[in-house]
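Residue-level structural notes
In case you want the letters, here they are:
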Amino acid sequence: LYVSEMMQNGAIEFKKCSSKENGGGLYSSELQSNGLLRFSHCSAREGGGLHASTVTQNNGSLGFSNCNSQWNGGCFYSSSFTQKNGGVGFSNCSSQRSGGGLYVASEYDFQHSTAFFHHCTAKEDGGGLWVSRFQQQAPVSFYNCRAAIGGGLSAIRINGTQPMNFHECRATEAGGGLLLQGLEGSSVDRFRAENCSAARASAIQARNLTIKSLVLVDTFNQTVDAVSLKVSTTSFHVSGTKPDLSMEVVDLQIDSDVDCSKLRECRLVVTSSAPKLGGFQCSLGAGVAEHPAFGCLACPEGYTQIESVTNGPCRHCPEGASLCHAAKIQMMDGLMLHEGNISRPLHCPTKAACRGGELPITDSRPMCQKGYGGEGCASCVRDEGTLYLMPDSSVLACTPCAPDTASQLLQWCSFLGQRVVLFAVSAAIIFRAGHADRVKNSGVYLNQLMSFASVSGCVVTSVMQTETAQTVKNVAVEYLYGIAVFLSDAVSGQGSNSSHCLLSYLGLEATGLPGVHCLDLVVATSLVLLLSLKDFRVALVAGLNCFLPGILADIAKYAVCYRLEEEQTGGTDRLICNHLPHLPFGNLLGFIAVAASFLAVFAVSLFLWIQLSTSQEATKEDELPSHVAFLTRKYAEGRRYFEAERLIRKVLLATAAALYPSTTFPSLQMTSLTIVTGASMLVYGVFQPYRQQLWNWSELGLLATALLLIAMASAVIWNEERWDKTQIGQIGMIITLGGIVTAVCSAFMVKIAAEVWREQRPAGSSHPA
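Predicted, not measured: the structure shown is a model, and the values here were computed from it. (Residues numbered from 1 in each chain as written. Predicted model: local features only at pLDDT ≥ 70, side-chain atom pairs only at ≥ 80, totals over all residues. Heavy atoms only, no water.)

A word on the sheet that holds strand E38 (residues 321-325). Read from one edge of the open sheet, 3 strands run E38-E39-E42, paired in antiparallel fashion. The two strands at the open ends of the sheet, each matched to only one other strand, are E38 and strand E42 (358-359). (Pairing = 2+ DSSP bridges. Helix = DSSP H or I, 4+ residues; strand = E, 2+ residues; numbered from the N terminus.)

With that settled, consider the packing of aromatic side chains. Counted under the stated rule, the structure contains 27 aromatic pairs. Centroid distance Phe81 to Tyr108: 4.8 Å. Interplanar angle 10 degrees. Geometry classified as stacked. Taken together, the residues span a long stretch of sequence, with Phe81 in strand E9 (residues 76-84) and Tyr108 in strand E12 (residues 102-111) at a distance of 27 residues. Each member of the pair Phe81 and Tyr108 is classed as buried. Relative to Tyr684, the ring of Phe642 has its centre 5.4 Å away and its plane inclined at 80 degrees; by these criteria the two rings are edge-to-face. Here Tyr684 lies in helix H11 (residues 666-687) and Phe642 lies in the loop between helix H9 (626-632) and helix H10 (643-659), a separation of 42 residues in the sequence. For Phe642, a relative accessible area of 12% gives the class buried. If you follow Arg45 out to its NZ or CZ, it ends over the ring of Trp71, 4.5 Å from the centre. The ring of Phe431 is capped by Lys534, whose NZ or CZ atom sits 4.4 Å from the centre of that ring. (Phe/Tyr/Trp six-rings, centres within 6.5 Å; stacked < 30°, edge-to-face > 60°. Buried < 20%, exposed > 50% of the residue type's maximum accessible area, 1.4 Å probe, protein only. Lys NZ or Arg CZ within 6 Å of the ring centre and 35° of its normal.)

Let's shift gears to the pattern of salt bridges. Side chains that differ in charge, positive against negative, can pair when their charged atoms come close. Applying the stated criterion to the full structure yields 20 salt bridges. The salt bridge partner of Arg190 is Asp189, with a shortest N-O separation of 2.7 Å. For Glu375, the salt bridge goes to Arg344, with nearest N and O atoms at 3.3 Å. Taken together, the residues Glu375 in the loop between strand E43 (372-373) and strand E44 (379-380) and Arg344 in strand E41 (residues 341-347) connect sequence positions 31 residues apart. Each member of the salt-bridge network shares a partner with another, and the members are Lys634, Glu643, Glu645, Arg646, Arg649 and Glu699. (Salt bridge = Lys/Arg side-chain N within 4 Å of Asp/Glu carboxyl O.)

Right, let's talk about the pairing of strand E4 (residues 36-40) for a bit. For strand E2 (residues 11-15) and E4, the ladder comprises 5 bridges, and the chain directions are parallel. Residue pairing for E4: Ala11 is matched across the bridge by Leu36. For E4 and strand E7 (residues 61-65), the ladder comprises 5 bridges, and the chain directions are parallel. Within E7, the position partnered with Ser40 by the bridge is Ser65.

Turning our attention to a nonpolar patch on the surface. On the surface, a nonpolar cluster with roughly 520 Å² of combined accessible area is contributed by Leu583, Phe585, Leu588, Leu589 and Ile592. Structurally, the position occupied by Leu589 is in helix H8 (residues 587-612). Residue classification places Leu589 among the partly exposed positions, given a relative accessible area of 32%. (Patch = residues over 30% accessible without salt bridge, like charges linked within 9 Å, V, L, I, M, F, W, Y side chains within 5 Å. Areas by Shrake-Rupley, 256 points an atom, 1.4 Å probe, with all protein chains shown as cover.)

Met336, Cys377, Phe452, Val459, Leu673 and Leu737 are the most contacted members of the largest nonpolar core, which totals 122 residues. Apart from the residues within four sequence positions on either side, Cys377 is in contact with Met336, Cys348, Ala353, Cys354, Met367, Cys368 and Tyr372. Judged by nonpolar contacts, the second largest core, of 65 residues, contains Phe191, Ala193, Ile211 and Leu268. (Core = buried A, V, L, I, M, F, W, Y, C linked by side-chain atoms within 4.5 Å. Contact = heavy atoms within 4.5 Å.)

Within this structure, the stated rule accounts for 9 disulfides. Cys75 shares a disulfide with Cys93; S-S distance 1.9 Å. Its torsion about the S-S bond being -90 degrees, the disulfide of Cys75 and Cys93 is classed as left-handed. In this pair, Cys75 is assigned in the loop between strand E8 (68-69) and E9 and Cys93 in the loop between strand E10 (87-91) and strand E11 (94-95), connecting sequence segments 18 residues apart. Both residues of the pair, Cys75 and Cys93, count as buried. One disulfide in the model links Cys401 with Cys501; its S-S distance is 1.9 Å. With the S-S bond torsion at -75 degrees, the cross-link from Cys401 to Cys501 turns out left-handed. Residue Cys401 is found in the loop between strand E46 (399-400) and helix H1 (405-435), and its partner Cys501 is found in helix H5 (residues 499-505); the two are separated by 100 residues along the sequence. Exposure class is identical for Cys401 and Cys501. Each is buried. No disulfide involves Cys196; its sulfur sits 4.7 Å from the nearest other cysteine sulfur, which is in Cys169. Given a relative accessible area of 2%, Cys196 falls into the buried group. (Disulfide = S-S within 2.5 Å.)

Given below as structure tokens:
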């Protein structure tokens, strides 16, 4: 159809029309369309469906499909096209030159309308649209369009205020999405290119372009530039499944951060002037760089970046890392890192709390083990609904508290029962000492076993903290060590439960170490006062014998300190003392206050102990009060105050275990135990204080066994740090040590029980009284 001027209000459809000249379906000098106009399967030299010099569309609809041309405008050719409040669509259009769907020689004024180009191709320029001047004030979309240059759109100048989308557009040479040829400034409001490609500039090739918002999705690869020439943008977001973005830019200005958080790398190669950049948001394993290119570059060897999104550079791998890649850090055992500061590795005071955690944090290798948190994993935290608090054995460890009421009541019964039974047995032996005509073997052996258990309990606890002991899953070994711990705790009176957990069951979790100290004092004082109703001196001796080591150990716990980093100036720098009293002049006065309290309580208790060893009521040994007989009768003449040595020894052993927890200072604890036990063995060997030589040999045998256990535990702890340790050897020593403790404690308890049975029998009788 040929008309000079045409106004169309109804519906017209052209099918399978062709022309050897221009306008295969319709040719017109001036066309005004207000209705429905369709062209399909049409062809011509230029404007395969429609050729019109001037076209104005108001509230109508233009549709083109499967049209082609030999020159420009595969479906539609126009010198000037004004579109208002209507819609236009192109599908499967092609041209042998430019403008596979639409070719506008002059100006395309696009207002309050919609336009889309599907599967359009041009051999030369503008696979979907070629236009000289594009006034884009409505959304336009290009899908799967092809051309040599400007796979979706080719233009000389654009003034856009609405979104412009390109999806899977291709250019064999340049400008996979948009090719902008003009030197004058152009602008686009929102530009999005997804999965577009070209030999050069897969998204845009432009000379002078301002983009308000630029989004690239899978529009790049490792060798193709995504944006070239001058681009100024205030919002730049890049994402996709392909790993890298590379852009070559002559003059670049980006007023906001370039979001590359979904990419492995994004490079901006600026070839002339220095760019003006707001910054970059980089992904895991990449950091901001300015040389040799601007952007987010993968971290090289020896550097890492473990934040999921960052605007910072790659950082040196931290000291103490057993594994450090661009996107992953694994620390050695005993060290931890915070994600916010990987240049500051921290030493964990409890090595078992840090088992080589990873950053970024993973469930399989957390930076802190269950129940631990904070700096250096030195704080107890709630984990998966379970409350973790410090055990009695160490203020730097964490143990789970019972979640249900039945378990909580059982722990309370165990705590109180252990102390009541030990106190009652000690008191009974003291009372019997005054009514006997000779010293009872049971009392001597019980005292010796209590002293031995003070050492064996510390040794067993230290060995159980080693990595080898933690990894042994043998039921027999676990059962053996369970018995060893139970026997040591039961006899020594110290216990390995958590008094802090017991307080938490009463809602007193916040009382911390002072609350634990008060609980021990209340229990000890209550038992002593209760027995005082019968004999206050016996009660005092039994109380000091059973509870003084634990109470003084509680005081020593206030002075437990640790470092997360190496000291620099010497003295107390970087020393963390969470339980020390907060007094002026730093930690010094706090240490003095704890030491003064410890010495004052110890001195008063020792004075009372010695005073109680002296009888003021009788001058004959047969008439000694029970408490004096218990303290002095078993010793030879001139050695009557020797029971004070045992009290001092138990206090020093308990204090060493509290001041140097095995979870943090195993070597210092073993050294302290060696010094105290060795000194006691030397004293007993020289003075032989007991009346009966059998008791001296029994004491020396237990002290020698204790030294053997300390030596074995020290060997196990020392071997743990060696690379050439033998696992089977470590396990063998651990089993042997647990067996010795179990055997000695069991044998002595059987011996004590047998002695008590024998001592209960009247003279000449085979049955107990």
